[in-house]
Amino acid sequence: MNSKQSDKAKMAPNVDPHAVLPYGDTLNDGLVQVSFSLPVALSPEATEAAKRTCIQMGLKEPSVYHQADLGHGFSYYIVYGKLTKPVDFARIVVPKLQETVASFDEINDRIKRKLGRRIVVIGACTGSDAHTVGIDAIMNMKGYKGEYGLERYPQFEAHNLGSQVPNEVLLRRAIELKADAILVSQIVTQKDVHLSNLAELADMLEAQGLRERVVLVCGGPRINHEIALELGYDAGFGAGSSPTQVASFVADEVIRRH
Amino acid sequence: MKGMLDLDLEQILRCRKAADLVAKSVLAFAGERTTVSIERATLRLLGVEGADDTGVPLVNRVVEKAIHLVPGGIMLPFAKAMMDTGSNAQETALAISNGQIELCEDAYQSKTVIDYADHLAAEAVARIHKTVSTRNELLERLGEGQRPLLYVIVASGNIFEDVVSAKVCVDAGAQVIAVIRSTAQSLLDYVPEGTTTEGYGGTYATQANFRVMRQALDEASKEAGRYVRLCNYASGLCMPEMAVLGAVERLDMMLNDALYGILFRDINMQRTLTDQAFSRLVSAAGGIIINTGEDNYLTTADAVESAHTVLASQFINEALALRCGLKPWQIGLGHAMEMDPDTEDMLVLELAQAKMAREIFPDCPLKYMPPTKHMTGDIFKGHVQDALFSLVSVMSDQGIHLLGMMTEAMHTPHIHDRVLALQATRMVMGAARHLGDEISFVPGGRIQKRAQEVLAKATELICSVADGGIFNALEKGHFADVSRGPESGRGLEGVYVKAAWYSNPIEDLLKKQVEWRGASNNE
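Below is a short write-up of the structure. Note that the structure is a prediction, hence the values are computed from the model and not measured.

## Notes on the packing of aromatic side chains
Then comes step 1: Following the criterion strictly, the structure yields 10 aromatic pairs over all chains and no others.
Then comes step 2: Here the aromatic rings of Phe104 of chain A and Tyr153 of chain A are separated by 4.5 Å at their centres, their planes lie at 50°, and the arrangement is tilted. Placement of Phe104 of chain A in helix 2 (residues 104-114) and of Tyr153 of chain A in the loop between helix 3 (133-139) and strand 5 (156-160) is noted, with a sequence separation of 49 residues between them.
Then comes step 3: Given the relative accessible area of 23%, Phe104 of chain A is considered partly exposed.
Then comes step 4: Under the relative-accessibility criterion, Tyr153 of chain A is labelled buried at 1%.
Then comes step 5: Ring plane angle 55° and centroid distance 5.2 Å describe the contact between Phe315 of chain B and Phe361 of chain B, whose orientation is recorded as tilted. Remark: Phe361 of chain B occurs in the loop between helix 14 (346-360) and strand 9 (367-369) and Phe315 of chain B occurs in helix 13 (residues 307-323); sequence separation between them is 46 residues. One exposure class covers both Phe315 of chain B and Phe361 of chain B, and it is buried.

Below is the structure:
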């Protein structure tokens, strides 16, 4: 979901912005639901263990509403409980991308007027990742959710290298094509391999002395803007991001740097 | 016979004819070629396994050392080496790998070598037959339950954790367990060795992992009182070798698509099209049900607009499979429910599509894949999407039902995600078991019209593919919006044009045992 800066001020009546608790049906009831399995067969002791697991999470009065034996020494629980430790919402600051997203025509027009040439964008799913659904959604002609992908923009020269592209190859192609921006997608992530892979690319770009010139962007279901900044990227796009959001950011950033 | 959808039988016939032309030309092309993986697969059928002390599989070592013999086929020179040294296949492979003996060309003309190779071929084929009869006995004795078969994926990256998940799934009603393969394996030009305990995105498909899971599922089958099928992949650069390992280690299903590697892994088309012919031959003999990968088209292309490309590809996969000797019951043609769930009448359109596939391929155990593209991380919504999917599946009489997971697009499912999915699916399918038998569709209504429209578009596409050839169609990006050239992609260096004296007695014997038609003319 895309949020705006102004959304932060919106809240239900009578909420104390310094002490926000989960909401079930009454303000500050703190109600949450959790579900998990334990590696023990179902027994009265196992149910008690499920309750205590919730108490360890900081939940008061945990009620086990559903329990089931899964066989082979496993059991499953659905528990509701009350959280009593509030968060200080007023003090939270999260780095965000640009506020306004331009439209397809606005973006093309802006590039034409302010840059006077096409922006070269190269995209890939890097490392062992074979899942191109993210990069395809952003780059393919057809795009995603009714928005055209970068290949359709007359003012973008978009190159989608596809899946399982080694960082070395991506970098080499970026240099050959004189890319203005690199988009990296990481979908399948196990044991956080996506993080080291992304960081490596940023380092390689730096080592080539290209980091200043090339806009570096990553995306994927476990990526957000904050993580992207930590990894040395210019922006990160999470699940549900649209082609125009990416196009808008890349266009503005390339123009800004020229 | 007029079906529920009032499909134009003339059109279906035209599609089959066009697909058969495509398949014929592909197999003519493949018939003139061999690949390093086909030659390695042949060595595996002779019983060569394991790796040398640097971890390189022996079959790779042997083929590398005798690469100049690949155009003539590795088997006769290898058989001669076995004869000369009086050792078995494994010992011979070790000796070649160590440089103690060299394979040479004078084997091709020798009658005694040819006779000996024929004898080895008979032994190799008998090994496959033994697996087939074991499976048939178990199926006879235990049965496997109602269709659609409930197919669940395990993917922890640790084969021993996968065993635990698999057994829990079998208890909850799973009938097929598929072990997901490490993401990058399709691009390796060798089959890794040993058991996997720390894989990325899955475990390696290795002979050792196959054995671990087969044994576990045999135990689970016994406990559950029904035969549980095991599925893995015969795809990627080692497609023929994977098919061989599947056939000897009693895998029951293998993912095997003629075009998938080309489109989605950028494997060279000459390589994959040559490899798939051999792998399908082995699968045919091994009683393996292949699963084709058309569902993947809809993850890149739009499910409503591109539905006909799935159907066109199904026709081609079917034609190739039939010509390679697979029986219709072995051809698990893939398709998927990938339309945006917020599209009005999504269920109506998907039902039309699923029912259409059923009517066009009545004897194939269609493999129906769950929503993935429009799964969001909202597990509650996802659970409902999966319930709709199960409903369409049972109503349209699918053969293999890959269970949707509410945590799709998030992480590998947790143990209870799989159990919840199985419970929900069984509930929906039980509740609607005979619903499909009790309904008919309005003549000229939305469902009939949609199915007719997709068939008409598929007919157009497949006829143009038949006119221009498959290479041309792939280059033009007719499938999944991806374009590939005949010289591009990985693995081309492993393709060799056969010499006039090419010989592969195992392949020849297998072809006699299944109804292999290859590129021959239809009678």
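## Description of the pairing of strand 4 (residues 229-233) of chain B
Consecutive side chains of a regular strand alternate in pointing toward one face of the sheet and then the other.
All names here are of chain B.
Then comes step 1: Extensive coverage of strand 4 is indicated by the burial of five of its five residues.
Then comes step 2: Side chains Arg229, Cys231 and Tyr233 project from strand 4 onto one buried face, and the interleaved Leu230 and Asn232 project onto a second face that is buried too.
Then comes step 3: In terms of strand pairing, strand 3 (residues 176-179) meets strand 4 through three bridges, oriented parallel. Paired with Ile177 across the strands is Leu230, a residue of strand 4.

## Section: the state of the cysteines
Residue and element names in this part refer to chain A.
Then comes step 1: Summed over all chains, the structure comprises zero disulfides over all chains.
Then comes step 2: In this structure Cys125 is a free cysteine whose sulfur lies 12 Å from that of Cys218, the closest cysteine sulfur available.
Then comes step 3: According to the relative accessible area criterion, Cys125 is buried, its value standing at 0%.

## Overview of the sheet that holds strand 4 (residues 119-125) of chain A
Residue and element names in this part refer to chain A.
Then comes step 1: What the five strands build is an open sheet, ordered 5-4-6-7-8; its pairing is parallel. In this open sheet, the two strands that pair with only one neighbour each are strand 5 and strand 8 (235-237). Put simply, the sheet's adjacent strands are angled 20° from each other on average, direction ignored.
Then comes step 2: Across five bridges, the pairing between strand 4 and strand 5 is parallel. Each residue of the ladder has a partner; that of Gly123, found in strand 5, is Asn160.
Then comes step 3: Here helix 4 (residues 167-176) sits on the sheet and contacts strand 4 and strand 6 (181-185); the angle it forms with strand 4, its principal contact strand, is near 170°.

## Regarding the pattern of salt bridges
Then comes step 1: Taken as a whole and judged by the stated rule, the model has 39 salt bridges over all chains.
Then comes step 2: For the salt bridge of Arg256 of chain A with Glu253 of chain A, the shortest nitrogen-to-oxygen distance reads 2.7 Å. Linking Arg256 of chain A with Glu253 of chain A, this pair stays in helix 7 (residues 243-257), spanning three residues, or about one helical turn.
Then comes step 3: The exposure class assigned to Glu253 of chain A is buried, which follows from its relative accessible area of 12%.
Then comes step 4: Linking Arg214 of chain B and Asp252 of chain B is a salt bridge whose minimum nitrogen-to-oxygen distance equals 2.8 Å. Placement of the pair is Arg214 of chain B in helix 8 (residues 207-224) and Asp252 of chain B in the loop between helix 9 (239-248) and strand 5 (253-255), with a sequence separation of 38 residues.
Then comes step 5: On the accessibility criterion, Arg214 of chain B (5% relative accessible area) is buried.

Each value, and the rule that gives it
- Residues numbered from 1 in each chain as written.
- Chains lettered and ligands numbered in written order.
- Predicted model: local features only at pLDDT ≥ 70, side-chain atom pairs only at ≥ 80, totals over all residues.
- Heavy atoms only, no water.
- Phe/Tyr/Trp six-rings, centres within 6.5 Å; stacked < 30°, edge-to-face > 60°.
- Helix = DSSP H or I, 4+ residues; strand = E, 2+ residues; numbered from the N terminus.
- Buried < 20%, exposed > 50% of the residue type's maximum accessible area, 1.4 Å probe, protein only.
- Pairing = 2+ DSSP bridges.
- Disulfide = S-S within 2.5 Å.
- Axes fitted to C-alpha atoms, helices over the stretch in contact; angles between N-to-C directions.
- Contact = heavy atoms within 4.5 Å.
- Salt bridge = Lys/Arg side-chain N within 4 Å of Asp/Glu carboxyl O.

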